[in-house]
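# Descriptive structure summary
Read off the chains here:
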Amino acid sequence: MNAPDRFELFVLPDGVKKLTITPDTKIPNAATFKVEKEDHTLANMLRMQLLEDPKVLFAGYKMPHPLDHYFILKVQTTPDTTPAHVLGNALTELIQNVGSMKNKFEVKRVLFCYFLLCNGTSSTIWAFHFFFFFFFYLAYHFFLLPGKFY
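As recorded in an unreviewed UniProt entry, the chain goes by DNA-directed RNA polymerase and comes from Lobosporangium transversale. Turning to the chain, the UniProt annotation filed under Subcellular location (unreviewed entry) states: "Nucleus".

It is worth spelling out the overall build of the chain at this point. A tally of regular secondary structure across the chain gives 3 helices and 4 strands. Beginning at the N terminus, the succession of helices and strands in the chain can be written as β-β-α-β-β-α-α. Taken across its 150 residues, the chain has 24% of its residues classed as buried. The long-range share in the chain, meaning contacts at least 24 apart out of those at least 6 apart in sequence, stands at 51%. Here the chain has roughly 11,000 Å² of accessible surface; of this, 66% comes from carbon and sulfur atoms.

Before going further, it helps to spend a moment on the side chain of Thr81. If you trace the backbone, Thr81 turns up in the loop between strand 4 (70–77) and helix 2 (83–117). Judged by its relative accessible area of 8%, Thr81 falls in the buried class. Thr81 has contacts with Asn29, Lys55 and Val86, leaving out every residue within four places of it along the chain.

Moving on: the nonpolar core. One finds Phe33, Leu46, Leu50, Val56, Leu73, Val75 and Leu87 to be the most contacted residues of the largest nonpolar core, which totals 15 residues. Of all elements in the fold, only strand 2 (30–36), helix 1 (40–51), strand 3 (56–62), strand 4 and helix 2 reach the threshold of two or more residues within this core. Examining the composition of this core, we find that 4 residues originate from one element, helix 2, more than from any other. Once residues within four sequence positions are removed from consideration, Leu87 is found in contact with Leu19, Phe33, Leu46, Leu50 and Leu73.

As for its placement among the helices and strands, Leu9 is situated in the segment before strand 1 (19–23). On the basis of relative accessibility, which here comes to 35%, the residue Leu9 falls in the partly exposed class. Once the C-alpha coordinates of Leu9 and Tyr70 are considered, the two residues, 61 residues apart in sequence, prove to be 9.2 Å apart. In this structure Leu9 touches Lys37 and His69, once residues within four positions along its chain are discounted.

What follows is about the sheet that holds strand 2. Taken together, the 4 strands give an open sheet; going across it, the order is 1-2-4-3, and neighbouring strands pair in antiparallel fashion. Pairing within the sheet leaves two strands with one partner each, and these edge strands are strand 1 and strand 3. Adjacent strand axes in the sheet meet at a mean angle of 20 degrees, parallel and antiparallel pairs treated alike. Of the strand pairs in this sheet, strand 3 and strand 4 are connected by 6 bridges, and their pairing is antiparallel. Bridge assignment links Tyr61 to a residue of strand 4, and that residue is Leu73. Contacts from helix 1 reach strand 3 and strand 4, with the element oriented near 170 degrees to strand 3.

Definitions and cut-offs
- Residues numbered from 1 in each chain as written.
- Predicted model: local features only at pLDDT ≥ 70, side-chain atom pairs only at ≥ 80, totals over all residues.
- Heavy atoms only, no water.
- UniProt positions renumbered as here; feature names shortened; annotations may be inferred.
- Helix = DSSP H or I, 4+ residues; strand = E, 2+ residues; numbered from the N terminus.
- Buried < 20%, exposed > 50% of the residue type's maximum accessible area, 1.4 Å probe, protein only.
- Contact = heavy atoms within 4.5 Å.
- Areas by Shrake-Rupley, 256 points an atom, 1.4 Å probe, with all protein chains shown as cover.
- Core = buried A, V, L, I, M, F, W, Y, C linked by side-chain atoms within 4.5 Å.
- Pairing = 2+ DSSP bridges.
- Axes fitted to C-alpha atoms, helices over the stretch in contact; angles between N-to-C directions.

The structure is reproduced here in structure tokens:
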């Protein structure tokens, strides 16, 4: 058919930058970022992360056309910072949040599979399993994730 090849959705052509920054000449402390080969998933997460920063006055994005695989992000900040600096901070925080969520998911998945394997055992063994789970939970949250409290 006339659909583009799937690799065109994520492979950058030669000479094309992933991120281009254009300072806004009409609005103070504002810039436009064009991010190539990304879609609404990253754009919306990035917009929401930017809006959590009190130094960001405006953050919004648009996808010009469904067949064009890029988005345009507009950011306006307070005078004491720059849009590029705020975007870098937002990306760092977003990577940390996604990593934390992945770690939590992995722990829950391992524990769920462990309890599925132990299904049908006696109540004495269940007590052992409960203490094993409790120890694993404490070890993970207090020794493997120092400085993070939930």
